[in-house]
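One letter stands for each residue in the lines below.
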2 protein chains.
Amino acid sequence: MLNIRHLSQTQLDSYQNLDTPYLCVNKQTFLRNLKYLRTRTEAMGARLRPHFKTVRAAEALQYLLPDKSSPITVSTVKEAEALMEAGYTDVIYAVGISAAKLKRVRDLLLKGQNIRVLADTPEQAEQVNRFCREHQCSVPVLLEIDCDGHRGGIRPEDPGLIETAQLLHTGAADFQGILAHAGESYHCLSPAALRDAAANEVSVALEAAARLQAANIPCEMVSIGSTPTAHNYENLDGITEVRAGVYGFFDLVMTGIGICDLNQIAATVVSTVIGHNHEKGWVFVDAGWMALSGDRGTANQPYDCGYGLVTDETGQLLEGLQVSTVNQEHGIVSMTNGRSLDPDNFPIGSRLHILPNHACATAAMHGQYHVFDTQDETYEVWNRIQGW
Amino acid sequence: MLNIRHLSQTQLDSYQNLDTPYLCVNKQTFLRNLKYLRTRTEAMGARLRPHFKTVRAAEALQYLLPDKSSPITVSTVKEAEALMEAGYTDVIYAVGISAAKLKRVRDLLLKGQNIRVLADTPEQAEQVNRFCREHQCSVPVLLEIDCDGHRGGIRPEDPGLIETAQLLHTGAADFQGILAHAGESYHCLSPAALRDAAANEVSVALEAAARLQAANIPCEMVSIGSTPTAHNYENLDGITEVRAGVYGFFDLVMTGIGICDLNQIAATVVSTVIGHNHEKGWVFVDAGWMALSGDRGTANQPYDCGYGLVTDETGQLLEGLQVSTVNQEHGIVSMTNGRSLDPDNFPIGSRLHILPNHACATAAMHGQYHVFDTQDETYEVWNRIQGW
């Protein structure tokens with residue numbers, strides 16, 4: 001979060017002249033978050049492959065990655081195209097592939113980007129092979145491994161693993177390895193559960209890689225990751241790389257599962273008080289779901305943050321306050337636990353900062369991020385890459 | 001929804017060449033929805049003031065409004081600025097005002113737009129008066145009336161009504177009348193409840209107007225509306241205008257409360273099947289919350305549609321299917337009521353259309369809408385106006 005007392009006068013002018021709502025990034029917090037996970041991961045002998053989907057701004061790439069050959073993950077072909085334009089060449093498109101998207105993938109390969117796609121069924125493997133034959137190319141493919149029943153992927157013991165990998169290995173595609181994502185780790189509620197989820201992600205990925213190697217199918221890449229597990233690995237032997245997305249901005253979901261503290265949250269929504277309801281103890285702000293997203297990621301956590309917690313402009317948490325309801329351009333701030341709030345403590349025109357439940361979803365609502373560096377005294381605008 | 005059998009070959013080529021996910025609009029359905037409410041409202045002697053916040057595309061204005069002097073509502077100053085650029089001059093900015101936004105409002109007034117702002121507290125009235133004195137202008141203001149306890153506004157019997165109106169009427173601002181929004185009507189679950197909500201919105205607005213007139217404060221505008229009530233007024237005597245937003249696109253929330261049928265939903269998200277989980281009976285599509293929004297507006301309705309219902313490409317509802325979970329770029333389609341789904345019925349690469357819970361939220365996730373007119377055989381791209 002931002003403490004406006006740490007801004008230079010010029011920065012403060014920028015901060016105040018911006019019309020609310022807007023997404024404000026504390027750059028030093030962001031940089032610290034990036035550095036922590038990179039150092040931790042590299043110290044264990046693996047590469048860090050940040051997921052671009054959270055930030056999706058070309059201006060952030062110089063901070064996310066050491067150089068243009070550094071690995072990065074994307075969730076859309078559009079991100080990969082923007083990366084190619086910026087000169088970044090080592091990409092995984094980590095969403096299951098369908099044949100229709102392979103044309104744009106091939107265009108990127110032709111431009112020199114090493115972009116890998118994801119498959120977890122023989123049908124997909126055959127579709128990629130067919131495309132490669134028909135278009136005289138060799139699309140790199142990873143197999144998705146299911147490590148925790150979260151969504152897709154193949155279990156290591158499933159005969160489909162060898163079958164699908166074999167199809168790719170012997171076909172026109174370029175089989176490069178496996179990818180696992182411990183999506184269930186977002187529901188962990190204790191340090192022990194997090195360590196177990198991290199160890200499980202590692203061991204399931206290693207088992208899948210071993211089975212492929214036993215079947216004489218080379219498995220060059222063993223890619224794992226999720227922000228919760230990435231902060232909890234104890235041993236990465238055999239793992240080539242770790243992926244994580246939300247760790248740069250962090251959010252209330254990550255605070256709720258114990259991955260970060262509130263003061264590590266780098267992105268907040270600046271809002272203005274636009275009304276009061278004295279009878280109900282409500283303060284209206286101009287940040288509704290258009291600015292915050294409708295994400296309720298903390299709903300099933302022990303501490304439900306509504307649509308976001310509230311700080312003042314110095315980054316001080318206003319205890320007990322939360323955004324309890326959102327409409328398109330209205331947020332209703334109220335007190336939890338039935339305590340009463342005096343709206344007059346929040347005059348019309350004053351500003352409140354909202355900590356996001358889910359930074360990926362909140363950042364996605366903003367075409368620009370307003371980035372303040374309290375060390376270099378700079379203010380920058382980052383432009384989000386939009387669409388698919 | 002769209003039935004691809006009704007597309008011309010050229011339209012079908014466009015439809016198929018577009019990469020998913022994308023927002024697809026059946027223009028004839030949209031036009032029918034617009035016409036119905038305009039005819040109904042004007043037949044009762046009131047003007048229709050569509051809310052731009054749902055569609056937010058300049059290309060749609062020629063259909064939303066008869067001409068450039070027609071009334072329209074906005075939820076952001078950015079929309080009003082886009083309207084000014086397109087030559088539209090009769091605007092209500094229907095979100096409570098804070099002083100910081102008045103500079104841009106004044107710029108619009110100077111350019112010739114009649115843009116009115118909204119207030120419901122003496123503080124706001126004083127802030128607007130002060131701004132007008134300091135900047136030698138006269139900003140038109142409406143008072144927000146609370147008709148159902150939904151959010152903000154002043155109750156007609158509240159002494160604050162006359163006090164605030166008087167401040168504006170005698171101050172430097174230009175007091176023009178009142179505005180009410182029956183936000184609670186979204187929770188109505190029977191035709192009788194809808195008629196009551198509509199009648200109540202009318203009667204509360206008329207009472208507020210009468211009290212102002214009794215205090216010798218002219219009340220030129222009496223503006224009411226919400227999509228549910230706008231379809232249920234029986235008498236609009238004394239009401240000058242009706243506002244509604246989602247009625248052009250419609251959605252599952254409106255279907256759930258009985259305002260429209262499924263086949264009146266004009267905007268759907270076209271998605272591609274990108275994976276299967278046979279064990280769980282899941283089909284993965286490439287429409288997650290980035291494409292659908294995370295809106296769960298039907299969660300508290302008798303029929304909870306998850307993150308959206310599913311049709312095939314001919315607009316045929318696939319009974320029992322819904323998007324049960326969303327991640328950023330993944331939707332999980334599953335069968336409700338414990339029935340089982342055979343993912344192989346939905347081959348990788350095939351397309352499914354998702355009906356949105358809340359069209360305002362879903363449209364907001366898309367920078368472009370892909371608009372098919374099955375009558376004129378045209379295909380157009382509409383560009384959403386982004387930001388604040």
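Procedures and definitions
- Residues numbered from 1 in each chain as written.
- Chains lettered and ligands numbered in written order.
- Predicted model: local features only at pLDDT ≥ 70, side-chain atom pairs only at ≥ 80, totals over all residues.
- Heavy atoms only, no water.
- Least-squares fit on C-alpha atoms with pLDDT ≥ 70 in both.
- Contact = heavy atoms within 4.5 Å.
- Salt bridge = Lys/Arg side-chain N within 4 Å of Asp/Glu carboxyl O.
- Buried < 20%, exposed > 50% of the residue type's maximum accessible area, 1.4 Å probe, protein only.
- Domains from an automatic or database assignment.
- Buried area = accessible area lost by both parts, 1.4 Å probe.
- Helix = DSSP H or I, 4+ residues; strand = E, 2+ residues; numbered from the N terminus.
- Expected span 1.5 Å × (residues − 1).
- Polar contact = N/O pair within 3.5 Å; in protein donor to acceptor, adjacent residues only side chain to side chain.
- 1 Å grid on protein atoms, 1.4 Å probe; cavity = no way out; pocket = protein on both sides within 12 Å on 5 of 7 lines; lining within 4 Å.
- Points joined across faces, edges and corners; volume = space filled by probe spheres on them.
- pLDDT = per-residue confidence, 0-100.
- Nonpolar A, V, L, I, M, F, W, Y, C, P; charged D, E, K, R; others polar.
- Pairing = 2+ DSSP bridges.
- Axes fitted to C-alpha atoms, helices over the stretch in contact; angles between N-to-C directions.
- Phe/Tyr/Trp six-rings, centres within 6.5 Å; stacked < 30°, edge-to-face > 60°.

Once turned by 180 degrees and shifted 0.0 Å along the axis, chain B lies on chain A with an RMSD of 0.0 Å. The operation mapping one copy onto its partner corresponds to a two-fold rotation axis. When each C-alpha of chain B is compared by its distance to the rotation axis, B:Gly294 comes out closest, at 2.8 Å. Comparing interface residues between copies, 100% of those in chain B also lie at the interface in chain A; the contact surface is shared.

Next up on the list: the pattern of salt bridges. Residue and element names in this part refer to chain B. Under the defined criterion, the tally for this structure stands at 30 salt bridges over all chains. One salt bridge connects Arg 155 with Glu 157, and the closest N-O pair in it is separated by 3.4 Å. We classify Arg 155 as partly exposed; its relative accessible area is 30%. Judged by its relative accessible area of 44%, Glu 157 is partly exposed.

All names here are of chain A. One can read the domain layout of chain A as domain 1 (4-24 + 256-383) and domain 2 (52-244). Computed over C-alpha atoms, the centres of domain 1 and domain 2 are 34 Å apart. Across the contact, 11 residues belong to domain 1 and 18 residues belong to domain 2. Both faces considered, domain 1 and domain 2 share a buried interface measuring about 1,100 Å² in area, 66% of it formed by carbon and sulfur atoms. Interface area lost by domain 1 to domain 2 is led by Ile 257, Ile 259 and Trp 382, which between them contribute 51%.

Here we come to unusual backbone geometry. Of note, the amide linkage connecting A:Thr20 to A:Pro21 takes the cis form, showing an omega dihedral of -5 degrees. Within the secondary structure layout, A:Pro21 lies in the loop between α1 (9-17) and β1 (22-26). Positioned with a positive phi, A:Glu377 is a non-glycine residue whose angle comes to about 60 degrees. Relative to the helices and strands, A:Glu377 is located in the loop between β16 (368-373) and β17 (378-383). Positive phi values are uncommon outside glycine, yet B:Phe250 reaches one of about 55 degrees. Checked against the element boundaries, B:Phe250 lands in the loop between β9 (241-244) and α10 (252-256).

All names here are of chain A. Taking 1.5 Å of rise per residue, the 17 residues of helix α2 (residues 27-43) would be expected to cover 24 Å, and the 24 Å separating its terminal C-alpha atoms lies within 8% of that figure. All of the buried residues in α2 are Lys 27, Gln 28, Thr 29, Phe 30, Asn 33, Leu 34, Leu 37, Arg 38 and Thr 41. Where α2 starts, the residue carrying a side-chain oxygen 3.2 Å from the main-chain nitrogen of Gln 28 turns out to be Asn 26. Downstream of α2 by a residue or two, Gly 45 has a phi angle that is positive, lying close to 90 degrees.

Before going further, it helps to spend a moment on the layout of surface pockets. The calculated volume of the second largest pocket comes to roughly 820 Å³. Lining the second largest pocket are 35 residues, with A:Gly367, A:Gln386, B:Gly367, B:Gln386 and B:Gly387 sitting closest to its centre. Broken down by secondary-structure element, the contributors of at least two residues to the lining of the second largest pocket are β1 and β16 of chain A together with β1 (22-26) and β16 (368-373) of chain B.

Turning our attention to the confidence of the model for chain A. Detailed reading of the predicted model is not advised wherever pLDDT is low. Averaged over all residues, the pLDDT of chain A is 97; the fraction at 70 or higher stands at 100%. Predicted as a complex, the structure gets a pTM of 0.97 and an ipTM equal to 0.97.

Here the focus is the interface of chain B and chain A. Taken residue by residue, the interface counts 52 residues in chain B and 52 residues in chain A. Between chain B and chain A the total buried area reaches about 4,100 Å² when both faces are included, carbon and sulfur atoms providing 53% of it. Area buried by chain B at its contact with chain A is led by B:Arg151, B:Ile348 and B:Trp388, which between them contribute 19% of it. Where chain B packs against chain A, one counts 4 salt bridges. Two residues, B:Lys101 and A:Asp286, come together in a salt bridge whose shortest N-O distance is 2.5 Å. Those elements that provide at least two residues to the side of chain B that touches chain A are β4 (90-96), α6 (122-134), β10 (267-277), β11 (282-285), α11 (289-292) and α12 (359-363) of chain B. With 5 residues, the top contributor of residues to the side of chain B that touches chain A is β10(B). Its residues assigned to classes, the side of chain B that touches chain A comprises 19 nonpolar, 21 polar and 12 charged.

Residue and element names in this part refer to chain B. Across the sheet, 8 strands lie side by side as β2-β9-β8-β7-β6-β5-β4-β3; this open sheet has parallel pairing. Looking along the sheet, the strands with just one partner apiece sit at the ends: β2 (47-50) and β3 (71-74). Neighbour-to-neighbour, the strand axes of the sheet open up by a mean angle of 30 degrees, direction not taken into account. In terms of strand pairing, strand β8 (residues 221-224) meets β9 through 2 bridges, oriented parallel. Across the sheet, the residue bridging to Ser 223 is Glu 241, located in β9. On the sheet, helix α5 (residues 102-110) packs against β5 (114-119) and β6 (140-145) and is oriented at approximately 150 degrees with respect to β5.

A few words on the packing of aromatic side chains. Residue and element names in this part refer to chain A. Inspection of every chain in the model, using the stated rule, returns 16 aromatic pairs over all chains. Pairing Tyr 15 with Phe 372 gives two aromatic rings, centres 6.3 Å apart and planes at 70 degrees, and the pair type is edge-to-face. In this pair, Tyr 15 is assigned in helix α1 and Phe 372 in strand β16, connecting sequence segments 357 residues apart. Phe 372 matches Tyr 15 in its accessibility class, with the two residues each being buried. Ring centres 5.6 Å apart and planes at 65 degrees place the aromatic pair Phe 30 and Trp 382 in the edge-to-face group.

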